[in-house]
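# Structural characterization, general
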Amino acid sequence: MRGIPKLIRENLETVRKNIAEACRRAGRNPDEVTLIAVSKTKPVSLLWEAYNAGAREFGENKVQELTDKLPALPSDIRWHMIGHLQRNKVKYVVGKAALIHSVDSLRLAEEISRESVKQNILTDILLEVNIAGEESKFGISPEDLLPLTEQIAELSGIRIKGLMTVAPFTEIAEENRRYFQKLKQLSVDIADKNIDNVSMNILSMGMTGDYTVAVEEGATCVRVGTGIFGERDYTQQGSAPV
Ligand SMILES: *Cc1c(COP(=O)(O)O)cnc(C)c1O
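Bear in mind the structure is a predicted one, so any value in this text is a computation, not a measurement.

With that settled, the discussion passes to the overall build of the protein. Each helix and strand in the protein was counted, giving nine helices and eight strands. On C-alpha atoms alone, the protein measures out to a radius of gyration of 17 Å, which is about the 18 Å that the 2.2 N^0.38 rule sets for 242 residues. Oriented by its inertia axes, the alpha-carbon framework of the protein measures out at about 50 × 40 × 35 Å. Looking at the 242 residues of the protein, the share that counts as buried comes to 49%. As displayed, the protein has an accessible area near 11,900 Å², and 48% of this comes from carbon and sulfur atoms. Side-chain charges of the protein comprise 31 positive and 34 negative groups, with the mean position of each set lying 5 Å from the other.

Okay, structure coming up:
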């Protein structure tokens, strides 16, 4: 275990450096890009190591894990809900997650709206787009995105801040460039409509395998897990990873 803390610090430095270089290539300011440390399945001790190395944005894909870890870590962390969200879990995550990346239906948005109004807060959300039309993936189809954005924008208690996608799994990051370009274009098209309550300032795209390409194509949030914390071990599933 002794080696792990140093490793996380080094991994974070490497990822930050790669982001900065991708920004330079694309003529972007690195301050425009938020690195989200995706800590799903990882124990709180490793999140502390990332925290001590400067990480303040953490991503979790399960409500239970997010709400378990949140009280065990400092309150200046911004928690990102990046996984598929069931309507019956919305009440546990509203007020806790700084940003919900995975809104993919009107019914889910309505539930977030209801809970936010009840708590008298505004919840920032992204709309998740299934950019490659993969059967196995959650997300709104590009064709449905504009009408759904218009409907969700009518709801109180929530603000649409941008788009998110999980690009196809590939060993060759370059293959996903066209999908990142496509998501960027969708966000520009929606921004052009000037819909009330909708801004398209956030583009959440890029993971360990392809985040530098995503940054080159305009990502403002990259979600990196393995590249910071190492491979995930799913054999322990069911036991609380805290
Ligand atoms: C797990 C996960 C990530 C991080 O994946 P890595 O390949 O480990 O970087 C990013 N986004 C979402 C939605 C995830 O579920």
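This part takes up the environment of Leu186. With respect to the helices and strands, the residue Leu186 is situated in helix H7 (residues 177–192). Residue Leu186 is classed as buried on the basis of its relative accessible area of 16%. Each C-alpha atom, one on Leu186 and one on Val103, is 16 Å from the other, the two residues being 83 residues apart in sequence. If we skip the residues at most four places from it in the chain, Leu186 touches Val129, Ile131, Pro142, Leu145 and Leu163.

Here the focus is the nonpolar core. In a soluble, globular protein the nonpolar side chains are often hidden away together inside. Counting residues in each nonpolar core, the largest one holds 67 residues, and the members touching the most others are Phe58, Ile112 and Ile152. Sort the elements by how many residues they give to this core and helix H1 (residues 3–26) lands first, with six residues. Membership of the second largest hydrophobic core comes to eight residues, among which are Val38, Leu126, Met164 and Cys221.

All right, on to the site of the ligand then. Near the ligand you find Val38, Lys40, Ile82, Met164, Val166, Met207, Thr208, Arg223, Val224, Gly225, Thr226 and Arg232, and these make up its full shell. Lys40 places a polar side-chain atom, nitrogen or oxygen, 2.6 Å from an oxygen atom of the ligand. Within the side chain of Thr208, one N or O atom sits 2.4 Å away from an oxygen atom of the ligand. Assessed atom by atom at 2 Å from the grid points, the ligand resides in the largest pocket. Considered class by class, the residues forming the shell around the ligand number six nonpolar, three polar and three charged.

Right, let's get into helix H6 (residues 142–153). Here H6 contains 12 residues, and its C-alpha end-to-end distance of 17 Å stays within 8% of the 16 Å for a straight helix at 1.5 Å per residue. Considered for burial, the residues of H6 that qualify are Pro142, Leu145, Leu148, Thr149, Ile152 and Ala153. Down the axis of H6, the buried set is contained in an arc of 125°. They therefore lie on one face. Residues of H6 that are buried in the fold lie against strand E4 (99–103), helix H5 (106–119), strand E5 (123–128), strand E6 (158–164), H7 and strand E7 (198–204).

An α-helix turns once every 3.6 residues. As a result, residues three or four positions apart point the same way. The first and last C-alpha atoms of H7 sit 23 Å apart over 16 residues, in line with the 22 Å expected at 1.5 Å per residue. Taken as a whole, H7 has its buried residues at Arg177, Tyr179, Phe180, Leu183, Leu186, Ser187 and Ile190. Check the buried side of H7 and you find it contacts H6, E6, E7 and helix H8 (211–216). At the C-terminal side of H7, Asn194 shows a positive phi close to 50°.

Before going further, it helps to spend a moment on the pattern of salt bridges. The tally for this structure, following the rule as stated, stands at 13 salt bridges. Residue Glu216 pairs with Arg25 through a salt bridge whose shortest N-O separation is 2.7 Å. Taken together, the residues span a long stretch of sequence, with Glu216 in helix H8 and Arg25 in helix H1 at a distance of 191 residues. Note on Arg25: relative accessible area 52%, which makes it exposed. Glu217 is the salt-bridge partner of Arg177, the closest N and O atoms lying 2.7 Å from each other.

As a further point, take the layout of surface pockets. To find the voids left in a structure, one rolls a probe of water-molecule size over its atoms. Counted as a void, the largest pocket has a volume near 740 Å³. Along the lines of polarity and charge, the residues of the lining of the largest pocket split into nine nonpolar, 10 polar and seven charged.

Inspection of the secondary structure puts Ser39 in the loop between strand E1 (34–38) and helix H2 (44–52). Since its relative accessible area comes to 0%, Ser39 is described here as buried. The contacts of Ser39, once residues within four sequence positions are left out, are Leu47, Phe58, Gly59, Glu60, Glu65, Lys69 and Phe229.

The rules we used
Residues numbered from 1 in each chain as written. Predicted model: local features only at pLDDT ≥ 70, side-chain atom pairs only at ≥ 80, totals over all residues. Heavy atoms only, no water. Helix = DSSP H or I, 4+ residues; strand = E, 2+ residues; numbered from the N terminus. Rg over C-alpha atoms; globule rule 2.2 N^0.38 Å. Buried < 20%, exposed > 50% of the residue type's maximum accessible area, 1.4 Å probe, protein only. Areas by Shrake-Rupley, 256 points an atom, 1.4 Å probe, with all protein chains shown as cover. Lys, Arg positive; Asp, Glu negative; His and termini not counted. Charge placed at Lys NZ, Arg CZ, Asp CG, Glu CD. Contact = heavy atoms within 4.5 Å. Core = buried A, V, L, I, M, F, W, Y, C linked by side-chain atoms within 4.5 Å. Near = heavy atom within 4 Å. Polar contact = N/O pair within 3.5 Å; in protein donor to acceptor, adjacent residues only side chain to side chain. 1 Å grid on protein atoms, 1.4 Å probe; cavity = no way out; pocket = protein on both sides within 12 Å on 5 of 7 lines; lining within 4 Å. Sits in = over half its atoms within 2 Å of the grid points. Nonpolar A, V, L, I, M, F, W, Y, C, P; charged D, E, K, R; others polar. Expected span 1.5 Å × (residues − 1). Arc of directions from axis to C-beta. Salt bridge = Lys/Arg side-chain N within 4 Å of Asp/Glu carboxyl O. Points joined across faces, edges and corners; volume = space filled by probe spheres on them.

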